[in-house]
Amino acid sequence: MSLANALAAVMWIGVTCYALFGGADFGAGFWDLVAGGARRGAAQRRLIEHSIGPVWEANHVWLIFVLVVMWTGFPALFGAVSSTLWIPLTLAAFGVIVRGSAFAFRKTVTATWQQRSFGAAFAASSVITPFFLGATAGAVAARRVPPGIGAGRPVASWWNPVSVMTGVLAVVVCAYLAAVYLTADARRSGDASLVAQFRGRALGAGVAAGAVAAAGLLFLHADAAALYHGLLHRGLPLVIISAAAGVVSLALLFRSYFRTARLTAALAVTAVLWAWAAAQYPDLLGPGLTIGGAAANRSVLVATLVSLGVGAVLLVPSLSWLYILFQRPSQSRPPPAA
Amino acid sequence: MALAAARVADPVAARSQMGFSLAWHIILACFGVGFPGLVIFAEWRGLRTGDAAYRLLARRWAKVLGVLFAVGAVSGTILSVELGVLWSGLMTNYGQVIGLPFAIEGIAFFIEAIFLGIYLYGWDRLPPKVHLLSGLPIFAAGLASAFFVVCANAWMNTPTGFTVSHGRITHVDPWAAMFNPATGPETAHMILAALMVTGFGVASVYAVAMLRGRRDRYHRLGLLIPLTGAAILTPVQIVVGDWAARMVATYQPTKLAAMEGLASTTKGAPEALFGYFSGGRLHDALHIPDGLSLLARLNPHAAIQGLDAVPASDRPPLVTLVHLSFDLMVSIGFGLLALGAWLAWSWWRGREVPRTAWFLRAVGVSGIAAVAAMELGWITTEVGRQPWIVYRVLRVANAVNPEPGIQYGFYAVVAIYAVLTVITIAVLRRLATTGQPT
């Protein structure tokens, strides 16, 4: 494997982690949005707050990780994507700001109207952000971003059926992952009605995610022939794995095996992302920019891979501790009310 | 890889947006770097002494840290997006040269965020000593983050570590780019500034409370701990600032000329204080004979390069702004030094914080003064580098994203940050007034 391929794989691992962890945090915001009135939704919102509170900032760093690896390892990709897609990226960044701040602020206020305002801002931006990030990905997947600085069309590049579909898919997938994770969290908290609520939502969102993904293939067939072809050829094994994992997850949710369903749901999403990568390999931006063509000089690739390797030695145990610590029930008292 | 040429565009909107969002973020970033040190110090003293005031300070400061860090993290994220969205020309061509410190900073930021989650939510889940230790990586990684990010800015001032031939970047040494001549003084200057902003900033909150009559042990400690730290660092900062200015004199003589408002190359250049620059020369300044030559070169007769040494198109356009920002920053620095000396004198005399209300008023202002000095320093270095984004390598006008409509992004940023500022201040005030010891 060439150094450039290795760094591209590292970047894609970052994208996958952002989808699986950061995506679930966005999805939790989606469920916060639809949890109902202040009193009816209180238990759900408390569970959401309790689940994502300790981890969302760490999960969010994956986005920064991906951006940094992209501009260091594949500067031509970063320059082309961010100049042509400046509108959805700027809107996604605004969403990130509003979501993080509102979530932090909501914890500090007690008046219902204030909690409601911050909660609404948190929840709405949790939907807006994955939509625009998904649309950005869709623009790349549908080859609407030509290589070069500002070479593409600033609106049509991402405001087209394929990109809007990927934006919607991102929102639905985030909601699905969040519902699956939250179902397991709800069971650990011991609240049967919460379990039932999130189980229903996970099943519904899972079916919706599958439907959007299947419909998406039709969009791709019509509008992104290269990707469609790649998904049905080189990416096909991964597409099949994803579909199978999705179906198995629904069955596990139905039978209430929530912890295993987490793994299969994550596998379904991971397989879709890697199917996309396989389908367009070695192109980064089509046509004309490949992994090898966009890659930084060898010295940069080596230095970055070495630094990230050393970093991983610090990161993996730290992240593991973070997740394990907050997956255990607290010794002392239940989570404080938001 | 061939250097990609961007269509030349008007960079004013992009520069305004970047400057505005950076100036905003950097205040939060300072607290993200400095505050963890204060929180774990208070927690450590509380554990050691069992003193309830320390324990309360640690708990309440941790809450404030949670808010400041969250807002700082997300306002920092938009900066990484803006690097591409606004400065596509810079990142496409030089992203690989400047990327390594950002990649390492990404790791450091990860560590910060992970341990912040553990620290803030782990009070009831971890044994007290483990909890205290879980705070140390936040502080260490915060310092590291500041170092690596400022490495990247230092490279824009004194770019090294790459070779361009025939319009292509043929060789990159990312480590040489990271450890460029400006790295040492600039990173030290910023890290100390971050710690000082935190120290004076937190102390000023308690000074205001003490002026309102809350003079219990909790408030005295809340003032004394951060103020002592900041006061100790202030003289160090002045020495480091001198180091940074002499680095500028060597590597960015045009920036130094703008900082001093020095129109033409002069032997035995005077130190010009204040005044304004117009019509190619400085007006109404106080001149200290040979002062600049002495400060910059340690030789009263040394020649100092003036603005006229480079063509007009290579000079910073806003000389008055650079000159006054620099002078004001230095003035504030010496004001803060005097405040620290006042505290030291009083402590040496009678182990007590000065009792006069004037002292508390001065501390109350010191937080805003420290923030102002830090911002003025950034204005000096960033505006003083114009018209270059990478000094003598890449012009700002050639680095900007040429897509139309960028200015709307700037308007939106201003609107969002205006709301965010109001709410952040309201939330912090709320945190400061709830749960007071009675």
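Keep in mind that this is a model prediction, so the values were computed, not measured.

> If you had to explain the overall build of chain B to someone new, which residues and values would you point to?
A count of helical and extended segments in chain B gives 13 helices and 10 strands. On C-alpha atoms alone, chain B measures out to a radius of gyration of 23 Å, which is about the 22 Å that the 2.2 N^0.38 rule sets for 438 residues. Each principal axis of the C-alpha distribution contributes one length, and for chain B these read about 70 × 50 × 40 Å. Per-residue burial over chain B gives 55% buried out of 438 residues. Long-range pairs, those at least 24 residues apart, make up 76% of the contacts in chain B between residues at least 6 apart in sequence.

> Summarise the overall build of chain A; cite the residues concerned and give the values.
Summing up its helical and strand segments, chain A has 13 helices and two strands in all. The C-alpha radius of gyration of chain A comes to 20 Å, within 12% of the 20 Å expected for a compact globule of 338 residues. Along the three orthogonal principal directions, the C-alpha set of chain A runs to about 55 × 40 × 35 Å. Going through the 338 residues of chain A one by one, you find that 59% of them count as buried.

> Kindly report on the nonpolar core, identifying the contributing residues and their values.
Ranked by size, the top nonpolar core spans 281 residues in total, and within it L77, Y176, L177 and A178 of chain A carry the most contacts. At 22 residues, helix 3 (residues 88-121) of chain B tops the list of elements feeding residues into this core. Setting aside residues up to four positions removed in sequence, A178 of chain A forms contacts with A24, G27, A28, F30 and W31 of chain A.

> Kindly report on the interface of chain B and chain A, identifying the contributing residues and their values.
Listed per partner, the contact involves 60 residues of chain B and 58 residues of chain A. A per-class count over the side of chain B that touches chain A returns 37 nonpolar, 17 polar and six charged.

> Break down the packing of helix 10 (residues 319-350) of chain B against helix 11 (residues 357-385) of chain B for me, citing the residues and quoting the values.
All names here are of chain B. Closest axis-to-axis distance for the helix 10/helix 11 pair is 8 Å, and the angle between their directions is 150 degrees. Accordingly, the angle class assigned to the pair helix 10 and helix 11 is roughly antiparallel. Remark: the crossing between helix 10 and helix 11 carries left-handed chirality. Considered class by class, the residues forming the contact of helix 10 with helix 11 number 19 nonpolar, seven polar and no charged.

> Which residues make up the packing of helix 1 (residues 3-33) of chain A against helix 7 (residues 161-189) of chain A, and what values do they have?
Residue and element names in this part refer to chain A. For the pair helix 1 and helix 7, interaxial distance at closest approach is 7 Å and the crossing angle is 90 degrees. By the angle between their axes, helix 1 is roughly perpendicular relative to helix 7. Residues L20, G23, A24, F26, G27, A28, F30 and W31 of helix 1 pack against V171, V173, C174, A175, Y176, L177, A178, A179, Y181 and L182 of helix 7.

> Go over the pairing of strand 2 (residues 168-172) of chain B with me, naming the residues and quoting the values.
Residues and elements named next belong to chain B. In the sheet, strand 1 (residues 162-165) pairs with strand 2 via four bridges, with the strands oriented antiparallel. Looking at the pairing, T163 lines up with H171 of strand 2. Two successive antiparallel strands, strand 1 and strand 2, enclose a turn made up of two residues, where H166 displays a positive phi of approximately 55 degrees.

> Give me the lowdown on the confidence of the model for chain B, citing residues and values where you can.
Within chain B, residue pLDDT values average 91, and 97% of them lie at 70 or more. In the predicted assembly, ipTM is 0.91 and pTM is 0.92.

> Explain helix 6 (residues 183-211) of chain B to me, and be specific about the residues and the numbers.
All names here are of chain B. In this model helix 6 runs 41 Å from its N-terminal to its C-terminal C-alpha over 29 residues, within 8% of the 42 Å that 1.5 Å per residue would give. Of all the 29 residues making up helix 6, 24 are buried; the element is thus mostly covered by neighbouring parts of the structure. One or two residues past the end of helix 6 sits G213, with phi positive at roughly 100 degrees.

> Describe unusual backbone geometry, listing the residues and the values that go with them.
Geometrically, the link from Y281 of chain A to P282 of chain A is a cis peptide bond, its omega value of 0 degrees lying close to zero. Position of P282 of chain A relative to the elements: it lies in the loop between helix 11 (258-280) and strand 1 (283-285). Geometrically, the link from G286 of chain A to P287 of chain A is a cis peptide bond, its omega value of -15 degrees lying close to zero. Tracing the backbone shows P287 of chain A in the loop between strand 1 and strand 2 (289-290). If you check the backbone angles, R351 of chain B has positive phi at about 55 degrees while not being a glycine. With respect to the helices, strands and loops of the structure, R351 of chain B is situated in the loop between helix 10 and helix 11. Judged by local crowding, R351 of chain B falls into the exposed class, with 7 C-beta atoms found within 10 Å. Non-glycine residue R392 of chain B carries a positive phi angle of around 60 degrees. Within the fold, R392 of chain B resides in the loop between strand 9 (388-390) and strand 10 (394-395).

> Any chance you could break down helix 8 (residues 253-260) of chain B for me, citing the residues and the numbers?
Residue and element names in this part refer to chain B. Of all eight residues that make up helix 8, seven are buried, and the element is covered over most of its length. Buried within helix 8 are the following residues: T254, K255, L256, A257, A258, M259 and E260. At its buried positions, helix 8 is contacted by helix 7 (217-251), strand 4 (271-273), helix 9 (291-297), helix 10 and helix 11. Directly beyond the C-terminal end of helix 8, a positive phi value near 60 degrees is found at G261.

> For the environment of V74 of chain B, give the residues involved together with the corresponding values.
With respect to the secondary-structure elements, V74 of chain B resides in helix 2 (residues 52-86). For V74 of chain B, a count of 26 C-beta atoms within 10 Å gives the class buried. Taking the C-alpha atoms as reference points, V74 of chain B and F326 of chain B, separated by 252 residues in sequence, lie 29 Å from one another. Setting aside residues up to four positions removed in sequence, V74 of chain B forms contacts with V96, I97, G100 and S101 of chain A.

> Pulling in residues and values, what's your account of the environment of A53 of chain B?
All names here are of chain B. Mapped onto the elements of the fold, A53 is located in helix 2. A53 gets classed as partly exposed once you count the C-beta atoms within 10 Å, which come to 19. Separated by 229 residues in the primary sequence, A53 and L282 place their C-alpha atoms 53 Å from one another.

> Could you give me a rundown of the environment of A271 of chain A, with the residues and numbers involved?
Residues and elements named next belong to chain A. Structurally, A271 is set in helix 11. C-beta crowding within 10 Å serves as the criterion here: with 23 such atoms nearby, A271 is assigned to the buried category. Counting along the chain gives 240 residues from A271 to W31, while the straight-line C-alpha distance between them is 24 Å. Once residues lying within four places of it in the same chain are set aside, the contact partners of A271 are L238, I241, S242 and A245.

> Can you explain the confidence of the model for chain A? Please cite residues and give values.
When pLDDT is averaged across chain A, the result is 90; 97% of the residues are at 70 or more. Here residues 332-338 of chain A is a poorly scored stretch, pLDDT under 50, and it has 10 contacts once near neighbours within four places are set aside; other chains count.

The rules behind each value
- Residues numbered from 1 in each chain as written.
- Chains lettered and ligands numbered in written order.
- Predicted model: local features only at pLDDT ≥ 70, side-chain atom pairs only at ≥ 80, totals over all residues.
- Helix = DSSP H or I, 4+ residues; strand = E, 2+ residues; numbered from the N terminus.
- Rg over C-alpha atoms; globule rule 2.2 N^0.38 Å.
- Buried ≥ 20, exposed ≤ 12 C-beta atoms within 10 Å, placed from the backbone.
- Contact = placed C-beta atoms within 7 Å.
- Core = buried A, V, L, I, M, F, W, Y, C linked by C-beta atoms within 7 Å.
- Nonpolar A, V, L, I, M, F, W, Y, C, P; charged D, E, K, R; others polar.
- Axes fitted to C-alpha atoms, helices over the stretch in contact; angles between N-to-C directions.
- Parallel < 35°, antiparallel > 145°, perpendicular 65-115°, else oblique.
- Left-handed = near helix turned anticlockwise from the far one by under 90°.
- Pairing = 2+ DSSP bridges.
- pLDDT = per-residue confidence, 0-100.
- Expected span 1.5 Å × (residues − 1).

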